[in-house]
Amino acid sequence: MRGKLWELICSSQRDLQQETCAKPSKDGVQWRNGLSAVQDDEGDGTVPAGDQLEGTDAAEDDTLHLKRRVGLFSGVALIVGTMIGSGIFVSPSGLLVRTGSVGLSFVIWIACGVLSLLGALAYAELGTMNTSSGAEYAYFMDAFGCVPAFLFSWVSTLVLKPSQMAIICLSFAQYAVEAFVSECEPPGTVVKMVAVLAIALILFINCYSVNLATGVQNVFTAAKLGAILIVICGGAYKLSEGNTQHLQEPFKGSTSSLGNIATAFYTGLWAYDGWNNLNYVTEEIKNPSVNLPRSIIIGIPLVTLCYVLINVSYLAVMSAAEMVESEAVAVTFGNRILGVMAWLMPLSVTVSTFGSANGTLFAAGRLCFAASREGHLLDILSYVHIRRFTPAPGLIFHSLIAVAMVLSGSIDSLIDFFSFTAWIFYGGSMLALIVMRYTKPNAPRPYKVPIIIPVVVLVISVYLIIAPIIDEPQIEYLYACVFIVAGLIFYVPFVHYNIVPTAMDSITVFLQLLLEVAPTNSMYD
């Protein structure tokens, strides 16, 4: 095996030194080595070169490539399983605090769902135009060029995705440990160690097999939807008994502050985050022009419906004030309505967070893979395991940063940083779609949204970025902007001028041998 791996490494290194010989098809799509057909992921047929979506899969003699293994069900599970984490079970009261009323909080929950759906539909057009993995990174490359794409990969790879992973795993660990500690707060050190073990387990799953990772995602998504159904049925039972007193005068006490409404959106959108994760793995979606938009249209409305019905169920059992005071609303709900089966609620939180963390790492590794393949990150991060066809180095890199964040201490302040910075890039993607309607009017668009959708999402993105700064300036917003711009310090020497330390080649070969990985030969044009 070592001899075969060494031969593969040498041949792939030679390939990377050569220019890709490509010619355009009659549809204007370039193909590696001028091949006229490619083999599908099941190996049971070919796809004609005229199909610009499936044609980006590997050619028959390509050594390594990411295989198309994510179908419609797995796509929906990735969206739903990543979006529904611990927030709706633990602290949906954040919206109540910032909006001041039950009615306005429901409006924000629904508005966040609609906004996520509109944004995801715009992403569906972008994702079917460019089926390269990486989501925003690929779209920025198409619309704006290297610098904005690099800055996105810089912030997302080092902060956004790892911090999201760390927060979710800490929530998982908190509830997993509390199951064994009944009379006191769980020790912080134990919680952190369990979070690290969870990251290690999720890393193993994702490195071992794409099929295993999607299978785990499917199972855990089904389990969390079952838990949500229990909550909804329990609330419906209490409402049928006439417990509607907490839903009367729903808009009493509503806030009128634009800044509070913007931060309430941040709270709600944090619960919806993950709506764009399927775009990070478009290279692995079967029939992406169909399954990408279908997964979005099924997944996001399902999550929105679940969030609204869960909040109604909570208010059928407890008041808004009790929800605000409760440290874990779902646990309080279970204790009041499920009796001896109340243990289902803490279990539901751990299941939900584990599935969400699994989906988060699955998507994050593909961003790293896509950016490094373009030379914007270390080359080794774009390599794939020679037998399992998983982007193991990128997955390991993200997991190591997440572990460092878990061990460094409290990361609650990262949530506001995450929301503020993420919507800068979400708005940038909407602008990219609008720009490419004019700069690339004849580009293939198997799925096309009305232009008003990206315009509306762009305007809302600008509001979500500016309103909190005007209403209540915080130093974290300045830190976010400085960190984004600081990426240029690394871009100029290492990307623009392509300065590579002499020791990197030896380090890359060593890591290839250690991890049994090699570059992909199937590249997107």
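Values in this document were obtained by computation on a predicted structure and should not be read as measured data.

Chemist: What is the right way to read the overall build of the chain from this model?
Modeler: Regarding its fold elements, the chain presents 19 helices and six strands. Looking at the chain residue by residue over its 525 residues, the buried ones come to 56%. The contacts of the chain with a sequence gap of at least 6 include a subset with a gap of at least 24, amounting to 80%. Put simply, the chain shows about 21600 Å² of open surface, and 64% of that area lies on carbon and sulfur atoms.

Chemist: Help me understand a nonpolar patch on the surface, please; the structure alone is not making it clear to me.
Modeler: On the surface, a cluster of nonpolar side chains totalling about 610 Å² of accessible area is made up of Ile-489, Phe-490, Val-492, Phe-494, Tyr-497 and Ile-499. Looking at the element boundaries, Ile-499 is found in the loop between helix 18 (475-496) and helix 19 (504-515).

Chemist: I keep staring at the pattern of salt bridges and nothing clicks. Help me out?
Modeler: Where side chains of opposite charge bring their charged atoms close, a pairing between them can arise. If you walk through the whole model with that rule in mind, you get five salt bridges. Arg-437 is the salt-bridge partner of Glu-125, the closest N and O atoms lying 2.8 Å from each other. Of the two residues, Glu-125 sits in helix 5 (residues 102-129) while Arg-437 sits in helix 16 (residues 414-439), which places them 312 residues apart along the sequence. As far as the burial class goes, Glu-125 and Arg-437 line up, both buried. Two residues, Lys-238 and Glu-241, come together in a salt bridge whose shortest N-O distance is 3.5 Å.

Chemist: What is the right way to read the confidence of the model for the chain from this model?
Modeler: Predicted coordinates in regions of low pLDDT should not be interpreted in detail. Predicted confidence across the chain gives a mean pLDDT of 78, with 82% of residues reaching 70 or more. Of all helices and strands in the chain, the one with the weakest mean pLDDT is strand 2 (residues 30-32) (30), whereas helix 8 (residues 188-208) scores best (90). Taken together, the stretch residues 14-63 has pLDDT below 50 and engages in 87 contacts with residues farther than four places along the chain or on a different chain.

Chemist: What's the story with the side chain of Gln-217 in this structure? I'm lost.
Modeler: Looking at the element boundaries, Gln-217 is found in helix 9 (residues 210-240). Side-chain polar atoms of Gln-217 contact the side chain of Asn-358, separated by 2.8 Å. Within the local environment of Gln-217, its side chain forms a polar contact with the backbone nitrogen of Gly-359, the two atoms lying 3.2 Å apart. Setting aside chain neighbours within four positions, we find Gln-217 in contact with Ala-77, Leu-78, Gly-81, Thr-82, Gly-355, Asn-358 and Gly-359.

Chemist: Would you explain empty space enclosed by the protein in this entry?
Modeler: Once rolled over the atoms, a probe with the size of a water molecule shows which space is left empty. Counting across every chain of the model gives five cavities of 30 Å³ or more. If you add up the space inside the largest cavity, you get close to 80 Å³. For the largest cavity, the lining is made up of 11 residues, of which Leu-160, Lys-161, Tyr-280, Ala-422 and Tyr-426 are closest to its centre. Counted by class, the lining of the largest cavity contains seven nonpolar, two polar and two charged residues.

Chemist: What's the story with helix 11 (residues 288-317) in this structure? I'm lost.
Modeler: Turn by turn, an α-helix covers 3.6 residues, leaving residues three or four places apart pointing in a common direction. Here helix 11 spans 43 Å end to end across 30 residues, near enough to the 44 Å set by a 1.5 Å rise per residue. Counting buried residues in helix 11 gives 21 out of 30 residues, a clear majority hidden from the surface.

Chemist: Sorry, what's going on with the packing of aromatic side chains here?
Modeler: Two aromatic rings, taken as a pair, are described by how far apart their centres are and by the angle between their planes. By the definition in use, this model includes 20 aromatic pairs. Here the aromatic rings of Phe-152 and Phe-425 are separated by 5.0 Å at their centres, their planes lie at 80°, and the arrangement is edge-to-face. Here Phe-152, found in helix 7 (residues 146-178), pairs with Phe-425, found in helix 16; they are 273 residues apart in sequence, far enough to count as distant. Assigned by exposure class, Phe-152 and Phe-425 land together as buried. Ring-pair connections join several aromatic residues into one group, and the members of that group are Tyr-123, Tyr-139, Trp-275, Trp-423 and Tyr-426.

How each quantity is defined
Residues numbered from 1 in each chain as written. Predicted model: local features only at pLDDT ≥ 70, side-chain atom pairs only at ≥ 80, totals over all residues. Heavy atoms only, no water. Helix = DSSP H or I, 4+ residues; strand = E, 2+ residues; numbered from the N terminus. Buried < 20%, exposed > 50% of the residue type's maximum accessible area, 1.4 Å probe, protein only. Contact = heavy atoms within 4.5 Å. Areas by Shrake-Rupley, 256 points an atom, 1.4 Å probe, with all protein chains shown as cover. Patch = residues over 30% accessible without salt bridge, like charges linked within 9 Å, V, L, I, M, F, W, Y side chains within 5 Å. Salt bridge = Lys/Arg side-chain N within 4 Å of Asp/Glu carboxyl O. pLDDT = per-residue confidence, 0-100. Polar contact = N/O pair within 3.5 Å; in protein donor to acceptor, adjacent residues only side chain to side chain. 1 Å grid on protein atoms, 1.4 Å probe; cavity = no way out; pocket = protein on both sides within 12 Å on 5 of 7 lines; lining within 4 Å. Points joined across faces, edges and corners; volume = space filled by probe spheres on them. Nonpolar A, V, L, I, M, F, W, Y, C, P; charged D, E, K, R; others polar. Expected span 1.5 Å × (residues − 1). Phe/Tyr/Trp six-rings, centres within 6.5 Å; stacked < 30°, edge-to-face > 60°.

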